[in-house]
Amino acid sequence: MKLSPDRLIPPSHPIARLPSEWVARVSEWGEPAYRGKQIFDWIHRQGVLDPDEMSNLPKSLRARLHEEGMGWPVEIVSSHEAADRTRKLLLGMPDGERVETVLIPQLNDDSVVTQCISSQVGCAMGCVFCASGVAGLKRQMSDGEIVAQVLLGRRELGPDRRVRNVVFMGMGEPLHNYDAVARALVLLTHPDGLDLSKRRVTVSTSGLVKQIDQLGRDFNGQVQLAISLHAVRDAARSKIMPVNRKHGLGELTEALRRYPLSKRQRITIEYTLIQGLNDSPRDAREMVDLLKGIPVKVNLIPMNPISASDLRAPDQSHVLRFQEELTRRGLSVFVRKTRGDDVAAACGQLAFHGESRRSPRA
Ligand code: SAH
Ligand code: SF4
């Protein structure tokens, strides 16, 4: 780990403190170092935030912890499970804002789960096919709020199932909230805590070039990177993804070539297929040229319809033809199945469905 605690922004909430920061805090109270480690263990291994449940701590220390404000920074407002066991959690924060997180079981073994998490309330990037983009940015999420999604997700799964992969593919552009996301990454992959493998944590970005470089530097290229490509010519991409007007495809692909990937690791290219817009055989050919020499795997995502737009997915046979065009030219390509449709949980389309976004009095 290259990123040391002193290079991170200070934690926003006790839940976001690292073991060394807990040790420093408890030593201010005259407690030995191991007490700090025990607290981190309770929070990040056991998922316990209530000091009264931290049974191996002395009463006096529990009382101190109560004064620290150990309430959950996010709470589950509702939880819906789809027929395929995909579960969507609607989460509420103290200021009334809401985000979603989705637990997606592996197809052949549903005890192993990928969790899709949010990094912002809404999103400033304005992609025209995306509900979060249409909504605009309401506010950043804090490091504590980001990590709490996974702690709550794991609790929701119970003892026999586990979160193995985490993807930043919910609401928001994670690299537009870099500092909080960086601390969350350190916490999620901490060996004394949730201990997720860095390669199993994916940061998905619309293409913020400077922050891609920063992520590569801070985590030695070990965090899995996913790029929302969605178009292979600047004019087309700028039309659907305003970020491309600032960082065009040339700049973006250069950043991908620089990303310090280790051997056998590949960058994920996400490509949302939109009928008549980016789904022609020419698009497929040009994608192959654009990505030449970059180790990638491509995920094709048939666009999920959103109410703010008439754009939609091509039909299934067209999707398969597009996949075939790419495969024939040597790319490895997966078509992402929409999971959990019946609870509107499709990851990448997390937004303000069904339930009001603010509490009635907010
Ligand atoms: N902001 C980040 C991560 C969140 S979105 C990013 O854009 O990469 C996760 C993925 O879902 C992205 O590839 C995004 O472009 C895609 N997506 C957004 N809206 C979608 C929709 N309506 N249908 C299909 N994919 C969508
Ligand atoms: Fe933001 Fe990603 Fe949606 Fe674009 S696709 S608006 S970057 S969440």
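Residues numbered from 1 in each chain as written. Chains lettered and ligands numbered in written order. Predicted model: local features only at pLDDT ≥ 70, side-chain atom pairs only at ≥ 80, totals over all residues. Heavy atoms only, no water.

1. Points about the overall build of the protein chain
Each helix and strand in the protein chain was counted, giving 12 helices and 12 strands. Against the compact-globule benchmark of 21 Å for 362 residues, the protein chain has a radius of gyration of 21 Å, which places it among compact chains. Taking all 362 residues of the protein chain together, 56% fall into the buried category. A fraction of 67% describes how many contacts in the protein chain between residues 6 or more apart in sequence connect residues 24 or more apart. Per element, the accessible surface of the protein chain, about 15,700 Å² overall, is 48% carbon and sulfur. Between the mean site of the 51 positive side-chain charges and the mean site of the 43 negative ones, the protein chain shows a separation of 4 Å. (Helix = DSSP H or I, 4+ residues; strand = E, 2+ residues; numbered from the N terminus. Rg over C-alpha atoms; globule rule 2.2 N^0.38 Å. Buried < 20%, exposed > 50% of the residue type's maximum accessible area, 1.4 Å probe, protein only. Contact = heavy atoms within 4.5 Å. Areas by Shrake-Rupley, 256 points an atom, 1.4 Å probe, with all protein chains shown as cover. Lys, Arg positive; Asp, Glu negative; His and termini not counted. Charge placed at Lys NZ, Arg CZ, Asp CG, Glu CD.)

2. Here's the deal with helix 7 (residues 209-218)
Within helix 7 the residues assigned to the buried category are Val 209, Ile 212, Leu 215, Gly 216 and Asp 218. Positive backbone phi, approximately 55 degrees, marks Asn 220, located one or two places after helix 7.

3. Description of the environment of Ser 142
Along the polypeptide, Ser 142 turns up in the loop between strand 6 (137-140) and helix 5 (143-157). In sequence terms Ser 142 and Glu 100 are 42 residues apart; their C-alpha atoms lie 15 Å from each other. Once you skip the residues sitting within four places of it in the chain, Ser 142 turns out to touch Ser 12 and Ala 180.

4. Some thoughts on the pairing of strand 8 (residues 201-205)
Most of strand 8 sits out of view: five of its five residues are buried. Side-chain alternation along strand 8 places Val 201, Val 203 and Thr 205 on one buried face and Thr 202 and Ser 204 on a second face that is also buried. Taken together, the three bridges between strand 7 (residues 162-168) and strand 8 define a ladder with parallel strand orientation. Paired with Phe 168 across the two strands is Val 203, which belongs to strand 8. Note that the unit made of strand 7, helix 6 (residues 178-188) and strand 8 has a crossover that is right-handed. By the bridge criterion, four bridges tie strand 8 to strand 9 (residues 224-228) in an arrangement that is parallel. Of the residues in strand 9, the one forming a bridge with Ser 204 is Ala 226. Each parallel crossover has a hand, and the one from strand 8 via helix 7 to strand 9 is right-handed. (Pairing = 2+ DSSP bridges. Right-handed = clockwise from strand over helix to strand, strands pointing away.)

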